[in-house]
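Now for the letters of each chain:
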Amino acid sequence: MLRSVSLLLVLGVLVLLLGGSAIAGQDYPGSEDHPLLERFPGSFIYAWEYWLFDEYVVPTGPIVERGQPEEGPLPDKAAASGRDQMLLPQEGFAAAGEVTKITYIAPEDRSLHEIYSSYLEELETAGFDVLFTATNEGDMGPYASWHAARYGIGPEHRAHQLREAESKRLITATLDHDQRPVHITLYFRLRPGGREYPGQVRVQLDIVEEDNRETGLVTSHPEYERTLPTIEPMAYDDYEGGSDHQVLSRFTGSFIYAYEHAVFDQYAVATGRVDEKDLPDEDEPLPDLAAAGSRNMIQPTTGVLVEGAVTKLTYVVPAQRSALEVFRSYKEALESADVDILFTASGEREIGRYQEWHEMRYGEGPEHRAYRLREADQEYYVAARLPHDEGDVYAAIYIMFGRGDRDFPDNVRVQVDIVEEGDMDEDLVSAESLRDQLRTHGSAAVQDIHFAFDSAKLLPESANTLDAIAGLLEADPQLELLVVGHTDDKGALDYNVDLSRRRAEAVATALSEDYGVAAGRLTPLGVGPAAPTASNLTEEGRAQNRRVELVERID
């Protein structure tokens with residue numbers, strides 16, 4: 001990796017002076033020492049992270065515990081601890097730039113005091129300004145808990161092995177380098193009774209090289225022509241059939257992991273924190289913005305329901321690009337297009353349970369990949385509206401980084417949902433077209449009846465199709481129909497058959513109660529995945545198989 005720092009602090013000389021021997025451990029894959037500061041002789045790299053641009057807080061005083069504010073964001077330097085408490089440095093400053101985090105395991109024959117003193121002496125000799133030192137928890141406070149809460153649990157959930165120390169030391173220092181300031185935090189910890197490497201010192205070295213973030217990584221096109229997106233394939237393994245939306249590009253170097261597009265649908269744009277609420281009584285509908293779980297419902301405190309063309313894109317961002325950098329890039333691109341920023345938030349305290357709400361309301365995405373949004377360690381959100389002559393365009397952008405992803409543990413994921421406000425084409429379904437299908441085939445497949453995810457609740461965008469079916473029955477008072485529900489073949493057979501039956505019953509009930517159709521003229525029936533019209537091996541085929549079919553009954 002490239003570095004602009006030219007000053008090398010040669011701790012490697014200590015190998016000759018101290019005669020340290022290497023321990024039986026291999027360096028973390030892909031890791032390396034920072035060129036500014038070498039490892040203590042004989043140590044190995046247990047965990048390693050590098051970010052081209054991120055923000056880091058350098059504490060220059062002890063970590064203190066405070067009660068969390070009742071509302072609003074946490075203070076800039078704080079990290080939440082438990083439900084009601086937060087941890088933050090009594091004094092400290094935030095720096096942004098290249099961030100490297102290295103966890104070393106030192107040889108078992110080297111003491112905590114020796115390693116701490118060696119690093120401190122070398123920093124002072126090299127001209128660093130030592131800002132803060134502490135040799136016990138009374139002086140430094142619960143530093144390890146604050147570090148873990150603020151900066152995550154490290155590669156492969158190893159937690160950098162920093163907690164529950166019996167002896168500890170802390171150093172923070174800065175160097176006014178001629179090219180850019182450099183800040184160092186060194187945390188030393190010893191736990192003789194630990195399960196892994198007992199009696200060996202751990203050293204956490206975090207280095208921040210101040211720098212300005214590269215700009216121009218996201219571009220917006222507010223004057224785009226409202227046509228279906230067409231774009232040449234890029235040199236990434238994009239999801240089959242997926243392409244960037246014309247109004248907003250991808251973050252440079254990303255690829256499309258999942259993609260969906262609907263010519264007309266309804267979408268709720270969250271413009272406030274997403275909170276958990278009690279479910280309403282069974283005979284009461286859910287609020288328009290809500291999504292229901294088995295025991296509760298989740299909904300944004302404020303939001304906008306929009307109808308029109310809906311495009312959902314899930315991107316995976318290259319490694320070593322932080323969630324903060326991606327968030328700022330998207331936000332700046334939107335602001336440069338003179339859009340209305342409706343809501344921005346960072347962290348669970350401000351965002352709430354957005355990812356859970358999004359999944360419950362909009363499903364798990366193509367091939368049940370769940371959009372790779374779960375278990376966020378860092379998260380950001382921005383919602384915006386772009387005024388347009390043919391209807392406003394809304395964007396909901398959720399950015400997260402989490403180590404729980406099996407395939408992409410070191411990559412930020414971005415969910416970009418774009419809604420182009422517009423009316424449904426009312427000529428797609430009519431009483432006449434349904435009558436013609438029944439006369440020709442004895443049945444009429446209806447794709448434009450929409451249900452809430454994994455539910456028999458009819459959605460408002462089904463109204464035009466229900467109008468057409470009611471018109472068909474009104475024009476022919478003798479006509480009787482089987483209302484047949486169909487599903488794709490994902491999931492258990494018994495469950496799908498039951499779901500298809502409940503959906504057919506919901507259509508029959510709506511026609512009887514809302515349009516006055518005699519219940520005896522409609523017979524609901526559910527067949528689950530038993531009569532597919534396309535292959536269930538692709539998302540496109542499964543979408544065709546999820547339908548309601550009208551079959552003429554002949555006595």
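Residues numbered from 1 in each chain as written. Predicted model: local features only at pLDDT ≥ 70, side-chain atom pairs only at ≥ 80, totals over all residues. Heavy atoms only, no water.

The subject of this paragraph is the packing of aromatic side chains. Under the counting rule described, the total for this entry stands at 17 aromatic pairs. Ring centres of W48 and Y50 lie 6.4 Å apart, and the angle between their planes is 25 degrees; this geometry places the pair in the stacked category. Using a relative accessible area of 10% as the deciding quantity, one classes W48 as buried. With a centroid separation of 6.0 Å and 50 degrees between ring planes, the pair formed by F343 and Y381 is classed as tilted. Pair noted here: F343 is in strand 15 (residues 340-346) and Y381 is in strand 16 (residues 378-386), with a separation of 38 residues, a long-range link. Judged on exposure class, the residue F343 and its partner Y381 are both buried. (Phe/Tyr/Trp six-rings, centres within 6.5 Å; stacked < 30°, edge-to-face > 60°. Buried < 20%, exposed > 50% of the residue type's maximum accessible area, 1.4 Å probe, protein only. Helix = DSSP H or I, 4+ residues; strand = E, 2+ residues; numbered from the N terminus.)

Think of an α-helix as turning once every 3.6 residues; residues three or four places apart then point the same way. Counting buried positions along helix 7 (residues 354-362) yields eight of nine residues, so the element is predominantly enclosed. Among the residues trailing helix 7, G363 stands out with phi positive, at a value near 85 degrees.

In the Ramachandran plot, Q320 falls in the positive-phi region, its phi being about 75 degrees despite a non-glycine side chain. Among the structural elements, Q320 can be located in the loop between strand 14 (303-316) and helix 5 (323-336).

On to the packing of helix 9 (residues 463-475) against helix 10 (residues 493-515), then. The interhelical angle for the contact between helix 9 and helix 10, taken along N-to-C directions, is 75 degrees, at an axis separation of 11 Å. For the element pair helix 9 / helix 10, the angle class is roughly perpendicular. Two secondary-structure elements touch here, helix 9 through A463, L466, D467, I469 and A470 and helix 10 through V507, A510, L511 and Y515. Here the residues of the contact of helix 9 with helix 10 sort into eight nonpolar, no polar and one charged. (Axes fitted to C-alpha atoms, helices over the stretch in contact; angles between N-to-C directions. Parallel < 35°, antiparallel > 145°, perpendicular 65-115°, else oblique. Contact = heavy atoms within 4.5 Å. Nonpolar A, V, L, I, M, F, W, Y, C, P; charged D, E, K, R; others polar.)

Before going further, it helps to spend a moment on the packing of helix 8 (residues 431-441) against helix 9. It is the contact of helix 8 with helix 9, at a shortest axis distance of 8 Å, that shows an interaxial angle of 65 degrees. By crossing handedness, the relation of helix 8 to helix 9 is classed as right-handed. Across from A431, L434, R435 and L438 in helix 8, the residues of helix 9 making contact are A468, I469, G471 and L472. (Left-handed = near helix turned anticlockwise from the far one by under 90°.)

Among the nonpolar cores identified, the biggest contains 35 residues, and L248, Y330, I397, I399, V414 and V416 are the most heavily contacted of them. Looking at this core, the elements that each hand over two or more residues are strand 1 (44-59), strand 10 (255-270), strand 14, helix 5, strand 16, strand 17 (393-401) and strand 18 (413-421). A total of seven residues in this core trace back to one element, the largest contributor, which is helix 5. The contact partners of V416, leaving out residues within four places of it in the chain, are L248, T311, K312, L313, Y315, Y330, A396 and I397. Formed by 29 residues, the second largest nonpolar core is a distinct cluster that contains I45, V182, L190 and V201. (Core = buried A, V, L, I, M, F, W, Y, C linked by side-chain atoms within 4.5 Å.)

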